[in-house]
2 protein chains.
Amino acid sequence: MKYSYISHLYCPKCGNTYETSEQYQLCTCGSPLLVDYDLEGISRNLSPDVLALREPSLWRYHELLPVENAANVVSLGEGMTPLTLFPRVGENMAIEKLYMKDEGLVPTGSFKARGATVGVSKAREVGVKELAMPTNGNAGAAWGLYAARAGMKATIVMPYDAPEITRNEVALSGANLYLVNGLISDAGKIVAKAVGDYNLYDASTLKEPYRIEGKKTMGLEIAEQFNWQLPDVILYPTGGGVGLIGIYKALKELKALGWVEGKLPRLVAVQSTGCAPIVKAWEEGRRESDFWKDSETLAFGINVPKALGDFLVLDAISDTEGCAVAVDDESMLQEQEKIAQMEGNFICPEGAATITAARKLRENGWIGADETVVVLNTGAGIKYPDTVQVKPEMLKKEDTIVKKVEESES
Amino acid sequence: MKYSYISHLYCPKCGNTYETSEQYQLCTCGSPLLVDYDLEGISRNLSPDVLALREPSLWRYHELLPVENAANVVSLGEGMTPLTLFPRVGENMAIEKLYMKDEGLVPTGSFKARGATVGVSKAREVGVKELAMPTNGNAGAAWGLYAARAGMKATIVMPYDAPEITRNEVALSGANLYLVNGLISDAGKIVAKAVGDYNLYDASTLKEPYRIEGKKTMGLEIAEQFNWQLPDVILYPTGGGVGLIGIYKALKELKALGWVEGKLPRLVAVQSTGCAPIVKAWEEGRRESDFWKDSETLAFGINVPKALGDFLVLDAISDTEGCAVAVDDESMLQEQEKIAQMEGNFICPEGAATITAARKLRENGWIGADETVVVLNTGAGIKYPDTVQVKPEMLKKEDTIVKKVEESES
């Protein structure tokens, strides 16, 4: 039995195909490339029941992943993150079956580790020695550290305003770290130049075909965790959009395998009102988005003014009868606090955005009260310390706590 | 079949016993209380093979945990953290089979979540409405957030110098947060007073009997992840010591169940040279430690000048033919960087301390080259941003990356 049933790369725009033992970036037509598998082969040789006995990491799905030789896998045990019922917040917004998948519980504290483990592993398999990428922080942290584990060199360029902790992660990994006084789009231009100048592997979002395969495991896991019964709605915070594209790809593959049946979940792309190019395109009924000028949001991971895969995101939400929703920063922060106080989870602002969006869509009736809804928290709240304002009471050693009567009696 | 096979509480010092439906803190003799189980009942009704089919959280071991009604479980999907081979660092220190168990991958980013999920769940079961505790940061974050999930009130007192991110976690949880200009021992005194004044449940380390049960799951998982073959050595960063006591308790229970055989792993308590009361007691052949004056270490989690369970730690390392080792802060930081660059993992200083200790013990021959060694990384490095000094190159939008020739050719 084969470790991977990868068959070839194909272009979702022009239909061109490529084989998978060489290094490829974009299609000659400029579109991202996607991976195809011999799904019939998997169907004949693998039953979903077998998966339950495998270790709880995303590599349990190795037949559906692109790495052909297990020895190339660069893993830190990432994946099989919890899918947790949020009963109190769910009741609060009248969605009884509200689940959060917690991507804070992976190495580097964000879902970017999924893309990095698969992307770096496959890069190793096709002989990459040095990669480069722009990042809003978390992807750079993940790729920097996984590249280090693979013994690969990495050059990472991130905006000066990206979360400071992600600088530390990249620096500690030994990668070459550059900060740019601009946005991820500016970092991208610098990386593109360096890729040309020094013949590096371009690991920018969707410029290599494999990180999406890592991210699709979120979709595989959701299906397996619901025992191969799909939820009704999945909400995803959308910057580059690879997570959403990946989940959609996973669900289609599972359907082709016959492991799931019926209607696919409606996929919802959630953005910030300060950077909502895909929401705008969606509302205008267009298939591609325009560059969003002067974008700004504290949810740094979704501050992406123009995503290379925007058309894939728009296809995915259109095909599944989903939608795109923008929420403002203030609402995200309120939701973040509510989640901590009602559910005990310190999620990131991007994750909080999906909860706000679910609330809005329930209020306007787009989500029904008895539907099963999954929101993705794409990272740990501890990576964003500045979202919380703290004014604790200061005590001296000899002080005692004086509680207000209301407090101790309530 | 019962959810839990808990039988009673007992005092490891005076032998007194207590039943488990009431709230208890310390034994009347002043010692911490431990939980005992009907291991014969478990042995008759549960086979370890069944566990493999359960969800990947520590609650898979519910028969060996104290919560009797599953409805009381307060969980965020914690546990079954990766046990990852560190091949390059292992080779570097001539320990081929060096594994790290990564406790950064749990809610709140530290192993404290294990104690909190079990401690808060059992507190709910015995009717606790409000708890209080001192903390060096991570335990407070975990208990604050799990208490919030349980709908329970919490009062948390931490040193002003504790990691800032843990303040944010506690504050966001809605707990009452107080900072004290002192050490955890000073915070402990303030909590003890408040517990008396307001009749609160004292959730201080080992003053309630159940958090240790959560922490013992690290030992259960290590055994299961090695397919019920035990490693030779386990190194644990030791502050309050509950993790080490818990692992020891787990291993003894597994042995009594007949799920593991042979010699128990040698347990190693790792401390900082700036706060090494247990190492000192160990070296002096004593059964209890003295208060360590003016303790100081950047590994904040192990800055505990006097642990209530010191005698249990010393017993555990003595019974298993283990030892206690102190390492300095400088070595920890070097090891932290090495782990990131060679293994791609950003671990916390406490975790790095265990690697340094393993290196020392290998150098002096205490650990053999062919032994299987497990170190515990008790938290995510991202919770300690200040351990990394970063001086990245700053670019303007129009700049290009100029790589040194050595760099691009090496």
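Keep in mind the model is a prediction, meaning the values are calculated, not measured. (Residues numbered from 1 in each chain as written. Chains lettered and ligands numbered in written order. Predicted model: local features only at pLDDT ≥ 70, side-chain atom pairs only at ≥ 80, totals over all residues. Heavy atoms only, no water.)

1. With respect to the packing of aromatic side chains
Rules: In summary, the pairing rule links any two rings of Phe, Tyr or Trp, Trp by its six-membered ring, whose centres are within 6.5 Å, and it sorts them by plane angle into stacked for under 30 degrees, edge-to-face for over 60 and tilted for everything else. Numbering of helices and strands runs from the N terminus; a helix is a DSSP stretch of H or I covering at least four residues, while a strand is a stretch of E covering at least two. Relative accessibility decides the category of a residue: with a 1.4 Å probe and only protein chains considered, values under 20% of the type maximum give buried, values over 50% give exposed, and everything between is partly exposed. Put simply, a charge is over a ring when the Lys NZ or the Arg CZ is close to the ring centre, within 6 Å, and near the line of the ring normal, within 35 degrees.
Applying the stated criterion across every chain yields a total of 8 aromatic pairs over all chains. Aromatic pair Trp228(B) and Trp259(B): ring centres 5.5 Å apart, planes at 75°, arrangement edge-to-face. On the criterion of sequence distance, the pair formed by Trp228(B) in the loop between helix H9 (217–225) and strand E10 (233–237) and Trp259(B) in the loop between helix H10 (242–257) and strand E11 (266–272) is long-range, its members being 31 residues apart. Judged by its relative accessible area of 13%, Trp228(B) is buried. The ring of Phe311(A) has Lys13(A) sitting right over it, with the charged end atom 4.3 Å from the ring centre. Over the face of the ring belonging to Trp366(A) we find Arg266(A), whose NZ or CZ atom lies 4.4 Å from the ring centre.

2. So, the sheet that holds strand E7 (residues 153–159) of chain B
Test applied: For two strands to pair, DSSP has to find at least two bridges joining them. Whether two residues touch is decided by their heavy atoms; if any such pair falls within 4.5 Å, the residues are in contact. Note on geometry: axes are C-alpha line fits, over the in-contact stretch for helices, and angles between N-to-C directions span 0 to 180 degrees.
The sheet built from 5 strands is open, its strands ordered E14(A)-E8(B)-E7(B)-E6(B)-E9(B) with parallel pairing. In this open sheet, the two edge strands, each paired with only one partner strand, are strand E14 (393–395) of chain A together with strand E9 (201–202) of chain B. Note: E14(A) against strand E8 (residues 176–180) of chain B, 3 bridges, orientation parallel. Directly across from Leu395(A), in E8(B), lies its bridge partner Val180(B). Sheet strands touched by helix H7 (residues 184–198) of chain B: E14 of chain A together with strand E6 (130–134), E7, E8 and E9 of chain B. Its angle to E6(B), the strand with the most contacts, is close to 155°.

3. A few points about helix H14 (residues 349–363) of chain A
Along an α-helix, residues three or four positions apart point the same way, because every turn accommodates 3.6 residues. Residues and elements named next belong to chain A. How we decide: Take the number of residues in a helix, subtract one, and multiply by 1.5 Å to get its expected span.
When the terminal C-alpha atoms of H14 are compared, their 21 Å separation across 15 residues agrees well with the 21 Å that a helix rising 1.5 Å per residue should span. The element H14 is extensively covered by neighbouring structure, given that 12 of its 15 residues are classed as buried. Those residues of H14 that sit buried are Pro349, Glu350, Gly351, Ala352, Ala353, Thr354, Ile355, Thr356, Ala357, Ala358, Arg359 and Leu361. Positioned one or two residues after H14, Gly365 has a phi angle of 85°, which is positive.

4. Concerning the pairing of strand E12 (residues 323–327) of chain A
All names here are of chain A. Burial analysis of E12 places 5 of its 5 residues in the buried class, which makes it a mostly covered element. Side-chain alternation along E12 places Cys323, Val325 and Val327 on one buried face and Ala324 and Ala326 on a second face that is also buried. Pairing analysis gives 5 bridges linking strand E11 (residues 266–272) to E12, with the strands arranged parallel. Its bridge partner lying in E12, Val270 is registered against Val325.

5. Quick word on the domain arrangement of chain A
Residues and elements named next belong to chain A. Stated formally: The source of the domain bounds is an automatic or database domain assignment. Accessible area that two parts lose when put together, evaluated with a 1.4 Å probe and summed over both, is termed the buried area.
Assigned domains within chain A: domain 1 (6–75 + 110–202) and domain 2 (83–105 + 216–387). Computed over C-alpha atoms only, the centres of domain 1 and domain 2 are separated by 22 Å. In this assembly, 37 residues from domain 1 lie in contact with 30 residues from domain 2. Interface area for domain 1 against domain 2, summed over the two sides, is near 2,900 Å², with a carbon-plus-sulfur share of 65%.

6. Focus on the sheet that holds strand E6 (residues 130–134) of chain A
Pairing is parallel in the open sheet, where 5 strands are placed in the order E9(A)-E6(A)-E7(A)-E8(A)-E14(B). On the outer flanks of this sheet lie strand E9 (201–202) of chain A together with strand E14 (393–395) of chain B, each paired with one strand and no other. Note: E6(A) against E9(A), 2 bridges, orientation parallel. Paired with Ala132(A) across the bridge in E9(A) is Asp202(A). Here helix H7 (residues 184–198) of chain A sits on the sheet in contact with E6, strand E7 (153–159), strand E8 (176–180) and E9 of chain A together with E14 of chain B, set at roughly 155° to E6(A).

7. What about the pattern of salt bridges?
Residues and elements named next belong to chain A. Keep this limit in mind: We count a salt bridge whenever a side-chain nitrogen from Lys or Arg sits within 4 Å of a carboxyl oxygen from Asp or Glu.
The final tally for this structure, using the stated rule, is 48 salt bridges over all chains. One salt bridge in this structure joins Glu208 and Arg211, with 4.0 Å as the shortest N-O distance. Taken as a pair, Glu208 and Arg211 share a single burial class, namely buried. Across the pair Arg359 and Glu335 runs a salt bridge whose closest N-O atoms are separated by 2.7 Å. Of this pair, Arg359 sits in helix H14 while Glu335 sits in helix H13 (residues 329–343), placing them 24 residues apart in sequence. Here the two residues Arg359 and Glu335 agree in accessibility, since each one is buried. Ionic contacts of the salt-bridge type, sharing partners, join the residues Lys101, Glu103, Arg114 and Glu221 into one network.

8. Topic: the interface of chain B and chain A
The test is simple: Just so you know the grouping, Ala, Val, Leu, Ile, Met, Phe, Trp, Tyr, Cys and Pro go in nonpolar, Asp, Glu, Lys and Arg go in charged, and all remaining residues, Gly too, go in polar.
Contacts between the two partners involve 74 residues from chain B, matched on the other side by 74 residues from chain A. Taken over both partners, the interface formed by chain B and chain A buries close to 6,500 Å², and the fraction arising from carbon and sulfur atoms is 64%. Broken down residue by residue, the surface that chain B buries against chain A is led by Leu172(B), Ile382(B) and Ile401(B), which jointly contribute 12%. Counting every contact that joins chain B to chain A gives 2 salt bridges. The salt bridge partner of Arg149(A) is Glu343(B), with a shortest N-O separation of 2.9 Å. Take the side of chain B that touches chain A: its biggest share by element is 7 residues, from helix H6 (residues 164–173) of chain B. Here the side of chain B that touches chain A is composed, by residue class, of 38 nonpolar, 19 polar and 17 charged.

9. Comments concerning helix H9 (residues 217–225) of chain A
Residues and elements named next belong to chain A. Along H9, 8 of the 9 residues are buried, which leaves the element largely enclosed by surrounding structure. All of the buried residues in H9 are Thr217, Met218, Gly219, Leu220, Glu221, Ile222, Ala223 and Glu224. One or two steps after H9, the chain reaches Asn227, where phi turns positive at roughly 55°.

10. Examining the packing of H9(B) against H10(B)
The axes of two packed helices give the description: the angle between them and the distance between them. Residues and elements named next belong to chain B. Rule in force here: In this scheme, roughly parallel covers angles under 35 degrees and roughly antiparallel covers those over 145, while 65 to 115 is roughly perpendicular and the rest are oblique. Here a crossing is taken to be left-handed if its near helix is turned anticlockwise relative to the far helix by less than a right angle, and right-handed if that turn runs clockwise.
Running from N to C, H9 and H10 point in directions that differ by 50°, and their axes come no closer than 7 Å. Classified by the interaxial angle, the pair formed by H9 and H10 is oblique. For H9 against H10, the interelement crossing comes out right-handed. On H10, the residues touching Met218, Gly219, Leu220 and Ala223 of H9 are Gly243, Ile247, Ala250, Leu251 and Leu254. Partitioned by chemical class, the residues of the contact of H9 with H10 number 7 nonpolar, 2 polar and no charged.

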